[in-house]
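Notes for the structure review
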Amino acid sequence: MSDPLDFTGRTVLVVGGTSGIGNGIAHGFRERGAAVHVTGTRASPGDYAAEEGSDLAGLTFHSLDVSDREAVAGFGLPDALDVVVLCQGTVRYRREEFEREGWDAVMTVNLDSLMDCARAVRPKLAEGGGSLIIVSSVGAYHAMIGNPAYAASKAAAVSLVGSLAEAWAGEGIRVNGIAPGLVPTKLTKVTTDNAQRAAGAVARIPAGRMGTPEDMAGAALFLASPLADYVVGQTIRVDGGMTLS
Ligand SMILES: NC(=O)c1ccc[n+]([C@@H]2O[C@H](COP(=O)([O-])OP(=O)(O)OC[C@H]3O[C@@H](n4cnc5c(N)ncnc54)[C@H](OP(=O)(O)O)[C@@H]3O)[C@@H](O)[C@H]2O)c1
């Protein structure tokens, strides 16, 4: 029997795959044989050399700012595309999301760009019966006192997973999502680099630890594999049980 988690001969695109969770997901697919393309905001792979949580070895890099709608629409996709993971994300701290500029910046990247990217990859995914995975957050399911745009954008991302899944299942595209809990990355440094805040956060996680990009890769591999052929429109919480109560 063939290994359902062997992605040899498959092509994967991870938008926001230069860092953190997306980078871990990209390597998860690469380690299982896929040709993996990643995008990030910087001009060249060298710009990530000194960055912690960013390893571009064995991945094909493309520069793409998803807030540039023309750039997303005109993005040169690989000839074939089997799996697309939308992992781009941003946040604004110090109550900036309460102001118009901060709100717009977060909604543009965390929500509008998901639809722009999904629209752009749909024809290629439909060609081969592909899988689209949207990375949201457990922030979708509760209030975030300092980050109204982040929480709203992630709730909307969960909603989008359902709508796109229903709309595109007939074309052979399976759309699902992952809602990570707390994973140390450059996005969450403000919490995870602060010993007191990190300990407080871990105390609320039944699994007793923060998540890793590899934990998220496990869910992405499952969702993209034939093991999940009948899983449609679901967002899996991968949070160590953090949101159980
Ligand atoms: N870390 C967590 O605890 C956690 C929890 C729940 C959900 N998430 C979600 O997981 C996803 C990945 O986040 P992360 O924690 O891994 O953070 P990260 O390390 O900062 O990664 C974010 C990725 O998004 C890319 N990106 C940001 N703005 C972009 C833009 N305008 N255009 C194109 N790409 C852009 C970044 O590119 P550059 O590398 O060029 O900056 C990077 O590849 C996000 O959607 C985040 O909301 C994270």
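Here we summarise the structure given alongside this text. Remember, predicted model here, so these are calculated numbers, not experimental data. Numbers given for residues are sequential positions, taken from 1 along each chain in its written order. In view of the model being predicted, local features appear only for residues whose pLDDT reaches at least 70, and side-chain atom pairs are presented and counted only at 80 or more, with totals across whole chains, interfaces and linings using the full set of residues.

**With respect to the sheet that holds strand E2 (residues 35–40)**
Sheet strands pair via backbone hydrogen bonds, and the direction of the pair is either parallel or antiparallel. Taken together, the 7 strands give an open sheet; going across it, the order is E3-E2-E1-E4-E5-E6-E7, and neighbouring strands pair in parallel fashion. Taken across any chain shown, the strands that pair with only one partner, and hence form the sheet edges, are strand E3 (60–63) and strand E7 (235–238). The average undirected angle you get between the axes of adjacent strands in this sheet is 20°. By the convention used here, strands pair only if DSSP detects at least 2 bridges between them. Helix and strand definitions here come from DSSP, where helices need a minimum of 4 consecutive H or I residues and strands a minimum of 2 consecutive E residues; each element is numbered from the N-terminal end. For E2 and E3, the ladder comprises 4 bridges, and the chain directions are parallel. The residue bridging His37 from the neighbouring strand is Thr60, located in E3. Geometry is summarised by axes, namely lines fitted to C-alpha atoms with helices restricted to the contacting stretch, and by angles between N-to-C directions that run from 0 to 180 degrees.

**Examining the packing of helix H3 (residues 100–128) against helix H4 (residues 148–168)**
When two helices pack together, their arrangement is given by the angle between their axes and by how far apart the axes lie. In the contact formed by H3 and H4, the axes pass within 9 Å of each other and the chain directions differ by 15°. Between H3 and H4, the angle falls in the class roughly parallel. Seen along the crossing, H3 lies across H4 with a hand that is right-handed. Contacts between H3 and H4 involve Gly102, Trp103, Val106, Met107, Asn110, Leu111, Leu114, Met115, Ala118 and Arg122 from the former and Ala149, Tyr150, Ser153, Lys154, Ala156, Ala157, Leu160, Leu164 and Trp168 from the latter. Following the grouping adopted for this structure description, the nonpolar residues are Ala, Val, Leu, Ile, Met, Phe, Trp, Tyr, Cys and Pro, the charged ones are Asp, Glu, Lys and Arg, and the polar ones are all others, Gly among them. Taken together, the residues of the contact of H3 with H4 break down into 14 nonpolar, 3 polar and 2 charged. Working definition: roughly parallel below 35 degrees, roughly antiparallel above 145 degrees, roughly perpendicular at 65 to 115 degrees, and oblique for all remaining angles. Whether a crossing is left-handed or right-handed is set by the direction in which the near helix is turned from the far one by less than a right angle, anticlockwise for left-handed and clockwise for right-handed. Contact between two residues is assigned when their C-beta atoms, built from the backbone, lie within 7 Å.

**Focus on H3**
Quick reminder: α-helices carry 3.6 residues per turn. Residues three or four places apart thus point the same way. Between its first and last C-alpha atoms H3 spans 41 Å; for 29 residues at 1.5 Å apiece the expected length is 42 Å, and the two agree. Along H3, the positions that sit buried rather than exposed are Gly102, Val106, Val109, Asn110, Leu111, Ser113, Leu114, Asp116, Cys117, Ala118, Val121 and Leu125. On its buried side, H3 packs onto strand E1 (11–15), helix H2 (69–73), strand E4 (83–86), strand E5 (131–135) and H4. At the C-terminal side of H3, Gly129 shows a positive phi close to 70°. Here the expected span of a helix is defined as 1.5 Å times the quantity of residues minus one. Neighbour counting defines burial: a residue surrounded by 20 or more other C-beta atoms within 10 Å of its own C-beta is buried, one with 12 or fewer is exposed, and intermediate counts give partly exposed, using backbone-placed C-beta atoms.

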